[in-house]
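Chains, contacts and geometry: an overview
The lines below spell out each chain.
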Amino acid sequence: MAFNLHKEKYRSKVSEVVLGATKEEGGTRSHTLTVGGESTLPFLQFEGDIPNRPIAALEIWDVAPEDWNPCFDPYYKDVYDNTGAWARKCVDEFGADLVLLRLKGADPDGKDRSPEECANTVKEVLEAVSVPLIVIGCGKGEKDNQVMPLVAEVASGEKLLMGVAEQENYKSITAACMVHKHNLIAQSPIDINICKQLNILINEMNLDLNKIVIDPTIAALGYGLEYGYSIMERARLGALGGDRMLAMPMIGNVGYEVWRVKEANASEEEFPGWGQQEERAILWETTTAVALLQAGMDILVLRHPKALEVVKKNIDELMESNKYE
Amino acid sequence: MIIIGERINGMFTDIGNAIKDRNPAAVQEWAKKQEVAGARYLDINTGPASKNQAEDMKWLVEVAQEASDLPLALDSTNYDAIEAGLALCKRPAMINSVPAEMPKMERVFEMAAKYNAAVIGLAMNEQGIPKDAESRVALAMELVAMADAYGLHMEDLYIDPLVLPCNVGQDHGPEVFETLRQIKLLADPAPRTVVGLSNISQGTKNRELINRVFAVMAMACGLDAAIADACDDELVEAVATARIVLNMDIYCDSYVDVFRKQG
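The rules behind the values
Residues numbered from 1 in each chain as written. Chains lettered and ligands numbered in written order. Predicted model: local features only at pLDDT ≥ 70, side-chain atom pairs only at ≥ 80, totals over all residues. Heavy atoms only, no water. Helix = DSSP H or I, 4+ residues; strand = E, 2+ residues; numbered from the N terminus. Rg over C-alpha atoms; globule rule 2.2 N^0.38 Å. Buried < 20%, exposed > 50% of the residue type's maximum accessible area, 1.4 Å probe, protein only. Contact = heavy atoms within 4.5 Å. Areas by Shrake-Rupley, 256 points an atom, 1.4 Å probe, with all protein chains shown as cover. Lys, Arg positive; Asp, Glu negative; His and termini not counted. Charge placed at Lys NZ, Arg CZ, Asp CG, Glu CD. Buried area = accessible area lost by both parts, 1.4 Å probe. Salt bridge = Lys/Arg side-chain N within 4 Å of Asp/Glu carboxyl O. Polar contact = N/O pair within 3.5 Å; in protein donor to acceptor, adjacent residues only side chain to side chain. 1 Å grid on protein atoms, 1.4 Å probe; cavity = no way out; pocket = protein on both sides within 12 Å on 5 of 7 lines; lining within 4 Å. Points joined across faces, edges and corners; volume = space filled by probe spheres on them. Nonpolar A, V, L, I, M, F, W, Y, C, P; charged D, E, K, R; others polar. Domains from an automatic or database assignment. Phe/Tyr/Trp six-rings, centres within 6.5 Å; stacked < 30°, edge-to-face > 60°. Lys NZ or Arg CZ within 6 Å of the ring centre and 35° of its normal.

On to the overall build of chain B. What chain B contains, in helices and strands, is ten helices and eight strands. Taking 263 residues into account, the globule formula puts the C-alpha radius of gyration at 18 Å, and chain B, at 17 Å, falls close to it. C-alpha extents for chain B along the principal axes are approximately 45 × 45 × 35 Å. Buried residues in chain B amount to 56% of all 263 residues. Intrachain contacts of chain B at a sequence separation of at least 6 include 68% that bridge at least 24 residues. Per element, the accessible surface of chain B, about 11,400 Å² overall, is 50% carbon and sulfur. Between the averaged position of the 24 positive side-chain charges in chain B and that of its 39 negative side-chain charges there is a distance of 5 Å.

What follows is the structure in structure tokens.
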């Protein structure tokens, strides 16, 4: 007797967001990257379409990070002070699909770099690499509201993915994205209701829904990964069920979260039973990332080149069709 | 709950006059108004005064589609009129309605298959409206079997358990709720359910209150759609809220607006 595979039928699909713009499209990128478009749950190709593979970015800063673990030194130390070269290394040497530039230097409690300096760094990175670019602020709303509009302006037409918009602070960056045709990261604090509401608020300012990427806020393995995971699952099921206000691709700052937990940073001397620190940390970052892929993450932002390598291999495997004919 | 906007019906004076004078203004105004208010289908009914139902139906379908992209629910007991309208529908329509009677079911399900339309099947036959849930469900089963024979998807079969005014048929209320629950067990996937909402409040003094209380109670029993007044804001708000309470939509502060926009 023939085997009948049970297939779930969904009403709708995730929207597609295009990152970057080529010369013909008004930018300077060598190619664009499209994320989203899923019409089924992660990697169930037998049931629906996963038209675009998830992509992996490496995170770079506009200032040398003082608190990054020394195990990064062999990879990045020579380029910490040269953001353009750092970006190039991530793409050319380590194979990142794209880079995320965190304008950490703008932090008023740190280097307090001016909006103009930040904008120049963005230009420098755009010249250094030809892949699409993600740019996020320093995380201090007031300062980011000065920095991001200028970033949007100097990169006008490049279709950056810019962030972040939050429920309490979304207007200024949303307007900047609208005017200069960028995409926007809408960040909510592990809260599906705020996630949806924020998308509505942004959409009410007339930014198209296919210009929004959801950052549901995730945590590292062992630190509440499952909370972010379940929010992502719920959002994705909502999207497939026809909720347009949750039907956006999702981004997760995996590297940022993983590299602040003890398990990634503690030395072997401190915890002999935990094994070698760098290897352990790479595994921690990788495990967090691949778990999130299963919840529907479309853009993973990582830090360690070795984690990137393993995650990309996992994506290759997951993208092999499992269509049952 | 999908709201099938009831307002384009020749029984209303403005629509009746519009049909008579072939003046599309009132029809198109109500098409747009109902869409904005939260309707997901527009019911189209020529009304009892129509002398040439097929011609009037065709005209209504054409002018309604000029004003709104919503799919239409063609409402008539004259199947020639429905077929004339179906041939003009740009989006898969709904046939409103057919009782569990031969040969009416054959005619309607054949049309549904031909035009890729959904069907509202009434849980009644030549003997009228059943008194209890059991007899209603038996008729629903006949509709399910017939739909299946014609290859109609269960998602395209809307069974109406038939609602009577609560002031005259009070004992029917609980039977209708029980019927709604049991219809969901008839097939997998289950057929959908629909009611003519305003029937429940015919002849009463608190029509809108009764309509919306009935709507949310019926939703809790599995009601999927209702032919209703989409411009009754409090009804739409109650339905949107019931969807939240029943975990059918994900909550956000603007959930009522979202429901109006995307249903």
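There is more to say, and it comes next.
Right, let's talk about the interface of chain B and chain A for a bit. Listed as interface residues are ten residues of chain B and, on the opposing side, 15 residues of chain A. Taking both sides of the interface into account, the surface hidden between chain B and chain A amounts to around 1,100 Å²; carbon and sulfur atoms contribute 46%. The largest contributions to the chain B side of the interface with chain A come from Ile250, Cys252 and Gln262 of chain B, which together make up 52% of the buried area. Inspection of the chain B/chain A interface yields zero salt bridges. Where chain B meets chain A, there are five residue pairs in polar contact (both at pLDDT 80 or more).

Glancing now at the layout of surface pockets. Put simply, the largest pocket is a space of about 1,700 Å³. Arg11 and Gly241 of chain A together with Ile2, Arg192 and Arg243 of chain B are, among the 45 residues lining the largest pocket, the residues nearest its centre. Among the secondary structure elements, those contributing two or more residues to the lining of the largest pocket are α7 (225-240) of chain A together with β1 (2-5), α9 (233-245) and α10 (255-262) of chain B. Considering only residue class, the lining of the largest pocket consists of 19 nonpolar, nine polar and 17 charged. Taken domain by domain, the lining of the largest pocket gets at least three of its residues from each of domain 1 (2-230) and domain 2 (232-263) of chain B. Of the voids in this model, the second largest pocket is the one considered here, and its volume is about 1,000 Å³. In this structure, the second largest pocket is lined by 40 residues; those nearest its centre are Asn9, Asn45, Asp75, Gly196 and Asn199 of chain B. Mapped by element, the contributors of at least two residues to the lining of the second largest pocket are β4 (94-99), β5 (118-122), α8 (207-220) and β8 (225-228) of chain B.

Before going further, it helps to spend a moment on the packing of aromatic side chains. The description of two aromatic rings rests on the distance between their centres and on the angle between their planes. Throughout the structure, instances matching the rule amount to 17 aromatic pairs over all chains. Ring geometry for Tyr76 of chain A versus Phe94 of chain A: centroids 5.9 Å apart, planes at 80°, classification edge-to-face. Here the residue Tyr76 of chain A occupies a position in helix α1 (residues 73-76), and Phe94 of chain A occupies one in the loop between α2 (83-93) and β4 (98-102), the gap between them amounting to 18 residues. Judged on exposure class, the residue Tyr76 of chain A and its partner Phe94 of chain A are both buried. Ring-pair connections join several aromatic residues into one group, and the members of that group are Trp61, Trp68, Phe72, Tyr75, Tyr76, Tyr80, Trp86, Phe94 and Trp259 of chain A. Sitting over the ring of Phe12 of chain B, Arg7 of chain B keeps its end group 4.0 Å from the ring centre. Taking NZ or CZ as reference, Lys33 of chain B lies 4.3 Å from the ring centre of Trp30 of chain B, over its face.

Empty space among the atoms becomes apparent when a probe as large as a water molecule is rolled across them. All names here are of chain A. Considering all chains together, one arrives at one cavity of 30 Å³ or more under this definition. Approximately 60 Å³ is the volume attributed to the largest cavity. Lining the largest cavity, in full, are Glu38, Pro42, Phe43, Ile50, Asn52, Pro54, Leu293, Gly296, Met297 and Asp298. Of the residues that constitute the lining of the largest cavity, the class distribution is six nonpolar, two polar and two charged.

What follows concerns the domain arrangement of chain B. All names here are of chain B. One can read the domain layout of chain B as domain 1 (2-230) and domain 2 (232-263). Averaged C-alpha coordinates put domain 1 and domain 2 at centres separated by 22 Å. Counting residues at the interface gives 17 residues for domain 1, matched by 14 residues for domain 2. Of the roughly 1,300 Å² buried at the junction of domain 1 and domain 2 (both faces included), carbon and sulfur atoms supply 64%. Interface area lost by domain 1 to domain 2 is led by Arg40, Arg212 and Met219, which between them contribute 40%. Counting every contact that joins domain 1 to domain 2 gives one salt bridge. When the shortest N-O distance is used, the salt bridge between Glu234 and Arg212 registers 3.6 Å. Connecting domain 1 to domain 2 are five residue pairs in polar contact (both at pLDDT 80 or more). Elements supplying a minimum of two residues to the side of domain 1 that touches domain 2: α2 (25-37) and α8. Among the residues forming the side of domain 1 that touches domain 2, the class breakdown is ten nonpolar, two polar and five charged.

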